[in-house]
Amino acid sequence: MGTLADLVAAREDWLIDRILRYARERDYVKYTSTLAEAWRISIAGLSASLLDLLKRSALPQELNPDEDYSLDSTASFGVLEAQRHRSRGVTLGMFLGLMKYYRQAYLDLVYDGGFAPEEQAQYLRVVERFFDRIEIGFCTEWSAQGQDARVDELQSANRRLTNEKNKYVTVLESLHIPAILLGPAGALENLNHAAAEVFEGLRVPGAAYYGDRPLPKPLSWLAREIEIGTKSGQVEIERELETLKGVRWFRVTSRKMLDVSGKFHGTVVLFNDITEERQTQTLLRYRGVLARLVSDISTEFVGLTPEQTTDAIEDALGRIGRFAGASAAFAARFSEDGNTFSSTYMWPRGAATSVRKRFQSVDIRTMSWWQDRIRQSEPVALESVDILPPEAAKERRLLRRLGIRALMGVPVSFQGTVAGFIGICSDSGGKKWDDDEAHLLRILGQVFTNAVRHQHAEATITRERNLLRTLIDNLPDYIYVKDTESRFVLNNTAHLRLLRAESAGAVAGKTDFDIFPKPLAARYFADEQAVVHTGRLLVNREEEVIDENGKKRWLMTTKAPFVDAKGNVAGIVGMSRNITDRKIMEESLKNHTKLLQQANVDLKHRNQDLDEFTYVASHDLQEPLRKITAFSDALREDMEAGDRDAVLKDIEILSSGAQRMQRLVQDLLALSRSGRQRMIMESVALDECVDNALDALEIRIKERSAEIIRSALPTVRGDASMLTQLYQNLIGNALKFCETAPHIRLTAAQEAGGWVFGVADNGIGIKPEYAKQVFAPFKRLHGRGRYEGTGIGLAICRRIVERHGGAIWVESELGAGAHFKFTLTQKREA
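(A) Molecular detail of the overall build of the chain. Looking only at helices and strands, the chain has 24 helices and 23 strands in total. Sorting the 830 residues of the chain into buried and exposed places 41% on the buried side. Once local pairs closer than 6 in sequence are excluded, the contacts in the chain between residues at least 24 apart make up 59%. For the chain, the computed accessible surface area is about 45000 Å², with 53% contributed by carbon and sulfur atoms.

(B) Local environment of the environment of Glu300. Tracing the sequence through the fold places Glu300 in the loop between α10 (275-299) and α11 (306-324). With a relative accessible area of 28%, Glu300 lands in the partly exposed category. In this structure, the C-alpha to C-alpha distance between Glu300 and Val447, residues 147 residues apart in sequence, is 9.9 Å. Other than its neighbours up to four places away in sequence, Glu300 contacts Ala312, Asp315 and Arg319.

(C) Local environment of the confidence of the model for the chain. On average, the chain scores 77 in pLDDT, and the residues at 70 or more come to 77%. Note on residues 670-675: pLDDT is under 50 here. Beyond four places in sequence and across chains, it has nine contacts.

(D) The arrangement of the side chain of Asp108 in detail. With respect to the helices, strands and loops of the structure, Asp108 is situated in helix α5 (residues 92-111). What Asp108 contacts, discounting residues up to four positions off in sequence, is Trp14, Arg18 and Tyr22.

(E) Seen up close, the pairing of strand β20 (residues 743-751). Across three bridges, strand β18 (residues 707-709) lies against β20 in parallel orientation. Pairing of Ile708 across the sheet is with Ile744, part of β20. Summarising the sheet, β20 and strand β21 (residues 754-760) pair through seven bridges and their orientation is antiparallel. Across the sheet, the residue bridging to Ala749 is Val756, located in β21. Here β20 hands over to β21 after two residues, the two strands then running antiparallel side by side.

(F) Representation of a nonpolar patch on the surface in the model. A cluster of nonpolar side chains, contributed by Leu468, Leu471 and Leu475, occupies part of the molecular surface with about 280 Å² of accessible area. Examined against the element boundaries, Leu475 turns out to sit in the loop between α15 (435-473) and β12 (478-483). Residue classification places Leu475 among the partly exposed positions, given a relative accessible area of 34%.

(G) Local environment of helix α2 (residues 12-25). Taking 1.5 Å of rise per residue, the 14 residues of α2 would be expected to cover 20 Å, and the 20 Å separating its terminal C-alpha atoms lies within 8% of that figure. Buried within α2 we find Trp14, Leu15, Ile16, Arg18, Ile19, Leu20, Tyr22 and Ala23. Note on α2: the residue one or two positions beyond its end, Asp27, has a positive phi of about 70°.

(H) Structural view of the nonpolar core. Counting residues in hydrophobic clusters, the biggest one holds 41 residues, and the most contacted among them are Tyr727 and Phe822. Of all elements in the fold, only α21 (686-696), α23 (720-736), β20, β21, α24 (793-803), β22 (808-812) and β23 (818-823) reach the threshold of two or more residues within this core. A per-element tally of this core places α23 first, with eight residues. In this view, Phe822 contacts Leu726, Tyr727, Leu730, Trp755, Val756, Phe757, Gly758, Val801, Ala807, Ile808 and Trp809; residues no more than four positions away in its chain are not counted. Judged by nonpolar contacts, the second largest core, of 36 residues, contains Leu50, Leu98, Met99 and Val127.

So, how was this worked out
- For every chain, the first residue of the written sequence is number 1, and numbering continues from 1 onward in sequence order.
- Where local features are concerned, this predicted model is filtered to residues with pLDDT of at least 70; where side-chain atom pairs are given and counted, the filter is 80 or more; whole-chain, interface and lining totals use all residues.
- Remark: hydrogens and water are excluded; side-chain values derive from all non-hydrogen atoms of the structure.
- Secondary structure elements are taken from DSSP: a helix is a run of H or I of four residues or more, a strand is a run of E of two residues or more, and numbering for both begins at the N terminus.
- Remark: exposure states derive from per-residue accessible area (1.4 Å probe, protein chains only) relative to the maximum for the residue type, with buried under 20%, exposed over 50%, and partly exposed in between.
- Any pair of residues with heavy atoms lying within 4.5 Å of one another is described as a contacting pair.
- Only the protein chains shown count as cover for residues, and all accessible areas are computed by the Shrake-Rupley method using a 1.4 Å probe.
- Residue-level confidence of the predictor is what pLDDT reports, using numbers from 0 through 100.
- Two strands pair under a simple rule: DSSP has to find at least two bridges between them.
- Within the patch definition used here, like charges are joined within 9 Å and nonpolar side chains (Val, Leu, Ile, Met, Phe, Trp, Tyr) within 5 Å, considering only residues with over 30% relative accessible area and no salt bridge.
- One speaks of a salt bridge when a side-chain nitrogen belonging to Lys or Arg is within 4 Å of a carboxyl oxygen belonging to Asp or Glu.
- Expected span, for any helix, means 1.5 Å times one less than how many residues it has.
- In this text, buried Ala, Val, Leu, Ile, Met, Phe, Trp, Tyr and Cys residues form a nonpolar core when linked through side-chain atoms within 4.5 Å.

Below you can see the structure in the form of structure tokens.
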């Protein structure tokens, strides 16, 4: 463990915190320095004097009545402190009182030092005598000072304070950044010359000093902003302000002025003019957007098809139009006779149809002034059509009729001739067009020209390719091309059929080893590699092959090499002719018979589905019809009673029931027409399906006083109409087969294999041995006289669930209710 000297040297911050705590608790901070640094200096001075004392002796320096304290370094420290504090107007009582708490802080340090009892007692006495000597020193100094000397000292201190204040006011006034000082209540206490010049028009430095008035009008918002803007005492915002120099942007920074006790003395606010910075940022953003736009328009058309190019050009027109703030952007092409122009591509802002119509088949002969300049490959920019010269009066009238008040256009040339122009226009006058917008139009003009040229070239190549491909595909022989590794590159339609491939992509890059038995593939490969390496033709080789139906077929095959531009063998071309026509015809007849049989089976299944769903339509439509019938009677009664509100409510319910019936009819008919493969799969909220099912069953639920208990259901992927029908049938069964008031629960549990949904009731139940039979079509366990229905409902439920890839079952005991459960294997969506 160290000594007292070690402890004092190491724990300066602890001593500062302790004396500040005592000063705040005893309210001495009202009359002392507001700066934490002043407290640190005072502790550092005391500690240095104490450490000096401890160097001379670690024992207490006891007092002596004959001692000359002017020779004691500790007392001398007290004399200096007395002179310093007295000059600041501090009284002896105030100074002695605070010094008692300094003493207490150092005593607390000794108590907290962990010393042995003997050491602690010694160090406590050392501290006590240390502070006794300091107090003797400043009491001696204080009592030796006369009244006149004290007055002079105070006057000197006041002059220093005044000079210090004037120095800081001069610094504030000299700042080129506008600055203001707000009092604790938010009133203006001072603003420097820069702020006064900007916000109040004062030209004389210091003219705004010593004020206590409201903020200048442009800053009326500031006090409220500072009040609500921060808890940390600091606000930094950017704001556009009206000044005597015009509208300027400022970065406004405020900081609360707090003393060491946390007392709020006001707020200092600085206004850093960032107008040029904002303008530079705006220009950089503008240039960045322009650069990206130029880059995108210049590069994004590479490799596009003609169809994709059309969309890309209209998208580029839209981006240029939005960038320029135009009403429309268009690419216009002259007619072959040069009398009209039409908009080939257009981006309109607003009513697309009307704008497009106005730009179709415009008579360019009424625009001779415009046409002359465009055909001379000159760009034309009109800030307003009103500035057109007298000889362009026709243009002025035409442009106004088209709704154009400002226009810019650049010519587009094709094969050395101006073929049209690309332009942007505005429906308001005074629009200033700049070089950047003209540059963008020129770039798009080049892209447009290249696109047209590319389309022409593509059309020519496509025609030639289609002609050759049509010729090859219409040949009955099998034609194919392979590379030097015997990988398929091209196959005609007949050969694709032979290979049982749905498309050319299905066999591209494959070899015979991927398609034929290994012995056949090996023989084909050997023949082809001989052609590749020798360059000699293989002519009329008879080959056997297994065709698309798995039957043996005999072919007469010729394989020849083809060479690239450098004369190197690049692959082989093969042609095989069928020499077993009769067998192929027989096999084809068998295949057609099979297809016909399958078609008959499919047709039978479709007819069964149609019959079942037709019945379901008539069965389930009874619910909305029952609802319509019931409320039709209510409507008649309410009309006779003259109850207008009730009549309107009845009509609303009738309309709802009719709409529900219409939807059900449309959905079921669409499903029956679509067949097994045409389910409308989409994200379905099961809660909505249940809502629709309960709406259809509303009358029966009220008639039976049924209680429906439900919780939130997930969203699944399925057919909404069929899932609604599933819940309607299951809930309808629960309503039907119940001797008392139905109590129905809709269940959903997430298990290891997925979701298990269900409808549980308190009905008559089912014997376990009938648990599977109830899902058979038209299967009834009760006579028609007791329960209505034909027994198709649960069969339909099973079909719906199975078509969704799930399973349905029932858990029940006779007389104990039933719980119908089902799964939907489709992946649940969030």
